[in-house]
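Observations on the three-dimensional arrangement
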Amino acid sequence: MSLIVYGVPLSPYVRKVCLCLAAKQLDYKLEIVSPFNQPAWFFELNPLGRIPALKDGDLVLADSSVICQYLDDKYTGNTALLGDTVEQTAQVRWLEKYADYELAPLTTFTVFQQRVINLGMQKVCDESLVKLAMNEQLPPHFDYLEGVLGHNDYFVGNALTLADIAFASQIINMQHAGEQINAQRWPNLAALFERVKALPAMQTLLQSEQAMLASMQ
Ligand SMILES: N[C@@H](CCC(=O)N[C@@H](CS)C(=O)NCC(=O)O)C(=O)O
């Protein structure tokens, strides 16, 4: 198999890459590299030590955005994950960045970090940080994204794109930490999340993630 993803299933960025690979119907192998204890050889693939990295034959890439855009460019096949027009592609990139850089610090690096990683490592969970993220910091982002989505089924071009995948990948971490998008306040966003979560590829990933979460308790 020529496609290898390096990382762990609970990383939202690894999840994003795996969902893109599945949408492209590409087979791949996931080689486990922990972001907390990377082996020395991994720094040859990514000098920053961050997961995910991808190997496609001789090509090595790091950063989930770069990887997903490469996959979309290289394996044009059945689905265009970055939209059908230049304008759509720009919108997808913006929303992907928004998820990766505005949601991630809260959904993953605060809520998930405190409730799941810290507790799994026998460290203290600072609930005040979780509450601040859920009650004050995330709502303006959800307001914005609810407005962008409107009553559409997906963020861009009414088809599944990397924008939806990146968004849902972050919300999954929040959900693993026991939190939900309030469906009364953000009904369209909550429905989008359920739509992406129902994808067979996501369901398959979630099964192995649940097993991993259970083993951490
Ligand atoms: N912008 C990067 C972010 C990747 C990232 O932050 N990964 C985390 C795990 S979720 C990591 O590897 N952290 C370890 C470190 O920074 O040393 C991407 O999209 O791939």
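If you're wondering where the values come from, they're calculated on a predicted model, not measured in any experiment.

1. Regarding the overall build of the protein chain
When its secondary structure is counted, the protein chain shows eight helices and four strands. When its helices and strands are written in sequence order, the protein chain yields β-α-β-α-β-β-α-α-α-α-α-α. Relative to the globule expectation of 17 Å for 217 residues, the C-alpha radius of gyration of the protein chain, 17 Å, shows essentially globular dimensions. With the C-alpha coordinates aligned to their principal axes, the bounding extent of the protein chain is approximately 45 × 45 × 30 Å. Burial statistics for the protein chain: of 217 residues in total, 52% are counted as buried.

2. Looking at the UniProt feature "domain: GST C-terminal" (unreviewed entry) in the protein chain
The sites that carry the UniProt feature "domain: GST C-terminal" (unreviewed entry) are, in the present numbering, residues 85-217. Within residues 85-217, the helical portion is 76% and the strand portion 0%, while the C-alpha atoms at the span's ends are 46 Å from each other.

3. Thoughts on the pattern of salt bridges
Counting across every chain of the model gives 10 salt bridges. Across the salt bridge formed by arginine 15 and glutamate 209, the nearest N and O atoms sit 2.8 Å from each other. You can see arginine 15 sitting in helix α1 (residues 12-23) and its partner glutamate 209 sitting in helix α8 (residues 200-216), a full 194 residues away along the chain. The same class applies to arginine 15 as to glutamate 209, namely buried. With a closest N to O distance of 2.6 Å, glutamate 96 and lysine 16 form a salt bridge.

4. Remarks on the site of the ligand
The ligand sits among Ser11, Tyr13, Pro35, Gln38, Arg50, Ile51, Pro52, Asp63, Ser64 and Tyr101. In this structure, an oxygen atom belonging to the ligand sits 3.4 Å away from a side-chain N or O atom of arginine 50. Between isoleucine 51 and the ligand, the recorded distance is 2.9 Å, taken from a backbone N or O atom to an oxygen atom. Protein coverage of the free-state accessible area of the ligand, which is 510 Å², stands at 77%. Of all the cavities here, the one that holds the ligand is the largest pocket. Residues of the shell around the ligand, tallied by class, amount to five nonpolar, three polar and two charged.

5. Looking at α1
Side chains three or four residues apart in an α-helix point the same way, a direct result of the helix having 3.6 residues per turn. Relative to the 16 Å expected for 12 residues at 1.5 Å per residue, α1 spans 16 Å between its end C-alpha atoms, a close match to the ideal helical length. Burial within α1 is extensive, with 11 of its 12 residues counted as buried. Of all the positions in α1, only Pro12, Tyr13, Val14, Arg15, Lys16, Val17, Cys18, Leu19, Cys20, Leu21 and Ala23 are classed as buried. Two or three places before tyrosine 13, at the opening of α1, serine 11 has a side-chain oxygen 3.2 Å from that residue's backbone nitrogen. A positive backbone phi angle near 55° is found at glutamine 25, which sits one or two residues after α1.

6. Overview of the domain arrangement of the protein chain
One can read the domain layout of the protein chain as domain 1 (3-74) and domain 2 (86-216). Distance between the C-alpha centres of domain 1 and domain 2: 20 Å. Contact with domain 1, which involves 18 residues of that partner, is made by 25 residues of domain 2. Carbon and sulfur atoms make up 69% of the area that domain 1 and domain 2 hide from each other, which totals about 1800 Å². Among the residues of domain 1 in contact with domain 2, Leu10, Arg15 and Leu19 are the three that bury the most area, contributing 37% of the side total. Here domain 1 and domain 2 share nine residue pairs in polar contact (both at pLDDT 80 or more) between them. For the side of domain 1 that touches domain 2, the secondary-structure elements that each account for two or more residues are α1 and α3 (64-74). Sorting elements by how many residues they give to the side of domain 1 that touches domain 2 places α1 first, with eight residues.

7. Notes on the packing of aromatic side chains
Scanning all chains against the criterion turns up nine aromatic pairs. A ring pair is formed by tryptophan 94 and tyrosine 98, whose centres lie 5.5 Å apart and whose planes are at 70°; its orientation type is edge-to-face. Within this pair, tryptophan 94 and its partner tyrosine 98 are both found in helix α4 (residues 86-120), separated by four residues, close to a single helical turn. What links up through ring pairs into an aromatic cluster is the set Tyr6, Trp41 and Phe42.

Each value, and the rule that gives it
Residue positions are counted from 1 within each chain, in the order its sequence is given. In view of the model being predicted, local features appear only for residues whose pLDDT reaches at least 70, and side-chain atom pairs are presented and counted only at 80 or more, with totals across whole chains, interfaces and linings using the full set of residues. Only heavy atoms go into the side-chain values, all of them from the structure, while hydrogens and water stay out. In this description a helix means any DSSP run of H or I spanning at least four residues, a strand means any run of E spanning at least two, and both kinds are numbered starting from the N terminus. For a compact globule the rule gives 2.2 Å times the number of residues to the power 0.38, and the radius of gyration it is set against comes from C-alpha atoms. Summary of the burial criterion: residues with accessible area below 20% of their type's maximum are buried, those above 50% are exposed, and those between are partly exposed, where the area comes from a 1.4 Å probe applied to protein chains only. UniProt positions are given in the numbering used here, feature names are shortened, and annotations may be inferred rather than shown by experiment. We count a salt bridge whenever a side-chain nitrogen from Lys or Arg sits within 4 Å of a carboxyl oxygen from Asp or Glu. A single heavy atom is enough: if one lies within 4 Å of a molecule or strand, its residue is considered near that molecule or strand. Nitrogen and oxygen atoms within 3.5 Å of one another constitute a polar contact, given that in protein one can donate a hydrogen and the other can accept it, and given that sequence-neighbouring residues count only through two side-chain atoms. Exposure was quantified through the Shrake-Rupley algorithm and a 1.4 Å probe, taking into account, for residues, occlusion by the shown protein chains and nothing else. Definitions used throughout: a 1 Å grid over protein atoms alone; a cavity as a set of points that fits a 1.4 Å probe which cannot get out; a pocket as an open set with protein on both sides within 12 Å along at least five of seven lines; a lining residue as one with an atom within 4 Å of a point. Think of it this way: a molecule belongs to a cavity or pocket when more than half its atoms come within 2 Å of the grid points there. Amino acids outside the nonpolar list (Ala, Val, Leu, Ile, Met, Phe, Trp, Tyr, Cys, Pro) and the charged list (Asp, Glu, Lys, Arg) are all regarded as polar, and Gly is one of them. Expected span of a helix, by definition, is 1.5 Å for each gap between consecutive residues, and there is one gap fewer than residues. Segment limits for the domains were obtained from an automatic or database-derived domain assignment. By definition, residues are in contact when any of their heavy atoms lie within 4.5 Å. Here the buried area means the combined drop in accessible surface, using a 1.4 Å probe, for two parts upon being joined, counting both sides. Classification of ring pairs rests on two measures: the distance between centres of Phe, Tyr or Trp rings, Trp counted by its six-membered ring, which must be within 6.5 Å, and the angle between planes, read as stacked under 30 degrees, edge-to-face over 60 and tilted in between.

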